[in-house]
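Given next are the chains, with one letter for each unit.
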Amino acid sequence: MASSSILLSEEQFLCSICLDVFTEPVTTSCGHNFCMVCITKYWDSKDLYQCPLCKEKFYRQPVFRVNTTFREVVENYRKMRDRSKHESPATPGKVPCDVCTGTKRKALKSCLVCQTSYCETHLEPHQIAPPLKRHKLIDPVENLEDRMCKKHDRLLELFCRTDQTCVCQFCTEGDHKTHDTVPIEEECGERKAQLGKTEAEVQLIIQERLKKVEEIRLSVDLSKRDVEREIADSVQVFTALVRSIEKSQAELIEVIEEKQKAVERQAEGFIKELEQEITELKRRSTDLKQLSQTEDHLQLLQNFPSIVYTPPPTKDWSEISVHSDLCVGTVRRAVSQMEEALSKEMEKLPEVKLQRIQQYTVDVTLDPDTANLYLILSEDGKQVRCGEIPQNLPDNPKRFNQHLIVLGKDGFSSGRFYYEVMVKGKTSWSLGVARESIDRTGIITLSPEDGCWTVILRDGNDYHGCTSTPVLLYLREKPQKVGVFVDYEEGQVSFYDVEARSHIYSFTGCTFTEKLFPYFGPSDDDDDDGQNSAPLIISPVNHTC
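## Comments concerning a nonpolar patch on the surface
A cluster of nonpolar side chains, contributed by V202, I206 and L210, occupies part of the molecular surface with about 220 Å² of accessible area. On the accessibility criterion, I206 (36% relative accessible area) is partly exposed.

Below is the structure:
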């Protein structure tokens, strides 16, 4: 009933300005109540003094005094409301008071000594009586019996680190006497510190995963832009092809029509000549018929020679005809022209692709800490060649001991990168990328299984893609400058002849799980009489090629 009356009259205790329970209430002469601070601030912001509710005007600002009687009523209401909140019935999931009869109110604290949970009302003795004030109170929990030692019926207040279990004081005098035991609070403090450390590690992993998510999203965006450029390039090429085909078709139709007109003109000439001969022959046939029917013997004998022995002029038509195959070869020539145009357009595709790839150019510098002792690097770290004697350099776990190899300083674990290397004047070399964990001290094979993706030249003319079974490459021209392109997420490593603007070889479908470093192998010149002494040179990329 008290709760109902409080809820029903709650609006009577709310200030109409701040909409909260009155604080230091004052009453105007018109009978309305406000918080002193609220009404004062309200009138300070106005030029006119009037009641916010009934709008009654005042000629000067009234002097207020706190309505003490109403203030006591408000304070009593506030206490009753707060107690009502604390003493509300325990809802599912909340710990109920163990002392309440009938409706169980929500527990405010649990006593570990009494093994009982109390609502605010029943907790008062623990807050007043000195003996009870020494009891240990905690936030309300269920199953308080689980916090008691089953053997000694005492509070579990110690932790045995030896057996990793909670124990009571009596346990430390028996089974756990020689064990390492500490107060539960102390162990919890250390466990919380460990939890904090673990939480920090988890947060670090979360940040790494979020970073990877952003990298993947960026990769998708880059891939989308690449696809859009690829589509634009293909539309450009095929539009040119369609125009070329349409032009060839128009030219072919024109040629065929012209040839047909020539055939018709030739036929008309033949027909005209034949019709003239037919006319002459018909006239001679008439003369012969008349002469054969004459009764004048003298006339027959006199005209016979001119008619019989002088035939009219005629042509030999046995070898003359109108050829229907005048257009043979025209279509073939037109198709050949279209094939040539198609080839020219297709040749542009590697060039367009290489131009697009060059936008991922990175600045590569050789890492002297990885260079084999027989390799000589330039001061700027852009050139490497093979020397005749080992260099006097300190030991370094990153250095290649068995192979004439040097890596770039910077590795890449995501995205795309591209660089170009001058190989002009060399008869043997190897280029590509290697993973960070590649063996630096033992014998390795140039293959993805051993952690490198490379293309090599041997004996001046033999080019190979270095897989587990080397792939022989047939190149139309000998590359003078090689471009190396890597798409980490796509799992692709590609090689290009920069000057010929052509593709050399690609590793595809690779799975990269660690950093990749640019790889350089200038090879020695022992078998070439100095012909392979030229260095490998990291060249600046000319984006306008």
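## Focus: the packing of helix α6 (residues 184-292) against helix α7 (residues 297-308)
Viewed as axis vectors pointing N to C, α6 and α7 meet at an angle of 155°, and their least axial separation amounts to 11 Å. The angle between the axes of α6 and α7 places the two elements in the roughly antiparallel class. Where α6 crosses over α7, the handedness of that crossing is left-handed. Contacts from R284, D287, L288 and L291 of α6 reach α7 at Q299, L300, N303, F304, S306, I307 and V308. Class assignment for the residues of the contact of α6 with α7 results in six nonpolar, three polar and two charged.

## Topic: the packing of aromatic side chains
Evaluated as defined, the whole model comprises 15 aromatic pairs. Arranged with centres 6.5 Å apart and planes meeting at 10°, the rings of F13 and F70 form a pair that is stacked. Of this pair, F13 sits in the loop between α1 (2-8) and β1 (25-27) while F70 sits in helix α3 (residues 68-86), and the two are 57 residues apart along the sequence. F70 carries the same exposure label as F13, and that label is buried. Relative to F512, the ring of Y488 has its centre 5.4 Å away and its plane inclined at 50°; by these criteria the two rings are tilted. A residue pair is termed long-range when its members are at least 10 positions apart, and Y488 in the loop between β19 (481-487) and β20 (492-497) and F512 in the loop between β21 (502-507) and β22 (516-521) qualify at 24 residues. Exposure class is identical for Y488 and F512. Each is buried. An aromatic cluster of at least three residues, connected via ring pairs, comprises F13, F22, F70 and Y77.

## Observations regarding the pairing of strand β12 (residues 383-386)
Only one face of β12 is covered, namely the face carrying V384 and C386; the face carrying Q383 and R385 is uncovered. In this sheet, β12 lies alongside strand β11 (residues 375-377) in antiparallel orientation, the contact comprising three bridges. Across the sheet, residue L377 finds its bridge partner in β12, namely V384. From the end of β11 to the start of β12, which pair antiparallel, there are five residues, and G381 there has a positive phi angle of about 70°.

## Brief notes about the sheet that holds β21
One open sheet holds the seven strands; their spatial order is β11-β12-β23-β14-β19-β20-β21, and the pairing between them is antiparallel. Each having just a single partner strand, β11 and β21 make up the two edges of the open sheet. The sheet shows a mean angle of 25° between the axes of neighbouring strands, direction not considered. Direction of pairing for β20 relative to β21: antiparallel, over a ladder of five bridges. What sits directly across from F495, in β21, is Y505.

## Points about α7
Taking 1.5 Å of rise per residue, 12 residues should cover 16 Å, and α7 covers 16 Å from first to last C-alpha, within 8% of that figure. One side-chain oxygen at the N-terminal end of α7 lies 3.2 Å from the backbone nitrogen of L298; it belongs to D296.

## Side note on the sheet that holds β22
In space, the six strands of this open sheet follow the order β13-β22-β15-β16-β17-β18, with antiparallel pairing throughout. Two strands bound the open sheet, and with one partner strand each, they are β13 (406-407) and β18 (471-473). As paired strands, strand β17 (residues 462-465) and β18 are joined by three bridges and run antiparallel to one another. By the bridge assignment, G465 is partnered in β18 with V471.

## Observations concerning empty space enclosed by the protein
As enumerated under the stated definition, the model contains one cavity of 30 Å³ or more in all. The calculated volume of the largest cavity comes to roughly 40 Å³. Looking at the largest cavity, the residues that line it are V362, D363, V364, T365, G408, K409, D410, F412 and P518. By residue class, the composition of the lining of the largest cavity is four nonpolar, two polar and three charged.

## Comments concerning the nonpolar core
If you look at the biggest cluster of nonpolar residues, it comprises 35 residues, and the most contacted ones within it are W429 and F520. The next biggest cluster of nonpolar side chains, apart from the first, holds 17 residues, and it includes F13, C15, C38 and C51.

## Details of a negative patch on the surface
Residues E251, E254, E257 and E258 make up a contiguous surface patch of negative charge. By secondary structure assignment, the location of E257 is in helix α6. Taking the relative accessible area as the measure of exposure, E257 reaches 46% and is therefore partly exposed.

## A word on the pairing of β20
With six of six residues buried, β20 lies mostly within the body of the structure. The two faces of β20 match: Q492, S494 and Y496 on one face and V493, F495 and D497 on the other face are all buried. Where β19 folds back on β20, the antiparallel hairpin that results is connected by four residues, among which G491 adopts a positive phi of roughly 70°. The hairpin formed by β20 and β21 contains four residues between the paired strands, and R501 there has a positive phi angle of roughly 55°.

## Thoughts on the pattern of salt bridges
Per the counting criterion, the structure on display carries 15 salt bridges. Among the ionic pairs, R217 bridges to E214, the shortest N-O distance being 3.3 Å. Separated by three residues within a single helix, R217 and E214 lie in helix α6, roughly one turn from each other.

## Some words on unusual backbone geometry
Positive phi is not limited to glycine here, since L19 has a value of about 60°. Considering the arrangement of structural elements, one finds L19 in the loop between α1 and β1. If you check the backbone angles, K55 has positive phi at about 70° while not being a glycine. Relative to the helices and strands, K55 resides in the loop between β3 (49-50) and β4 (57-58).

## A short note on the state of the cysteines
Under the defined criterion, the tally for this structure stands at zero disulfides. Of all cysteine sulfurs, the one in C466 lies closest to C452, which takes part in no disulfide; the gap is 7.2 Å. No disulfide involves C510; its sulfur sits 12 Å from the nearest other cysteine sulfur, which is in C452.

Quick notes on the rules
Residues numbered from 1 in each chain as written. Predicted model: local features only at pLDDT ≥ 70, side-chain atom pairs only at ≥ 80, totals over all residues. Heavy atoms only, no water. Patch = residues over 30% accessible without salt bridge, like charges linked within 9 Å, V, L, I, M, F, W, Y side chains within 5 Å. Areas by Shrake-Rupley, 256 points an atom, 1.4 Å probe, with all protein chains shown as cover. Salt bridge = Lys/Arg side-chain N within 4 Å of Asp/Glu carboxyl O. Buried < 20%, exposed > 50% of the residue type's maximum accessible area, 1.4 Å probe, protein only. Axes fitted to C-alpha atoms, helices over the stretch in contact; angles between N-to-C directions. Helix = DSSP H or I, 4+ residues; strand = E, 2+ residues; numbered from the N terminus. Parallel < 35°, antiparallel > 145°, perpendicular 65-115°, else oblique. Left-handed = near helix turned anticlockwise from the far one by under 90°. Contact = heavy atoms within 4.5 Å. Nonpolar A, V, L, I, M, F, W, Y, C, P; charged D, E, K, R; others polar. Phe/Tyr/Trp six-rings, centres within 6.5 Å; stacked < 30°, edge-to-face > 60°. Pairing = 2+ DSSP bridges. Expected span 1.5 Å × (residues − 1). Polar contact = N/O pair within 3.5 Å; in protein donor to acceptor, adjacent residues only side chain to side chain. 1 Å grid on protein atoms, 1.4 Å probe; cavity = no way out; pocket = protein on both sides within 12 Å on 5 of 7 lines; lining within 4 Å. Points joined across faces, edges and corners; volume = space filled by probe spheres on them. Core = buried A, V, L, I, M, F, W, Y, C linked by side-chain atoms within 4.5 Å. Lys, Arg positive; Asp, Glu negative; His and termini not counted. Charge placed at Lys NZ, Arg CZ, Asp CG, Glu CD. Disulfide = S-S within 2.5 Å.

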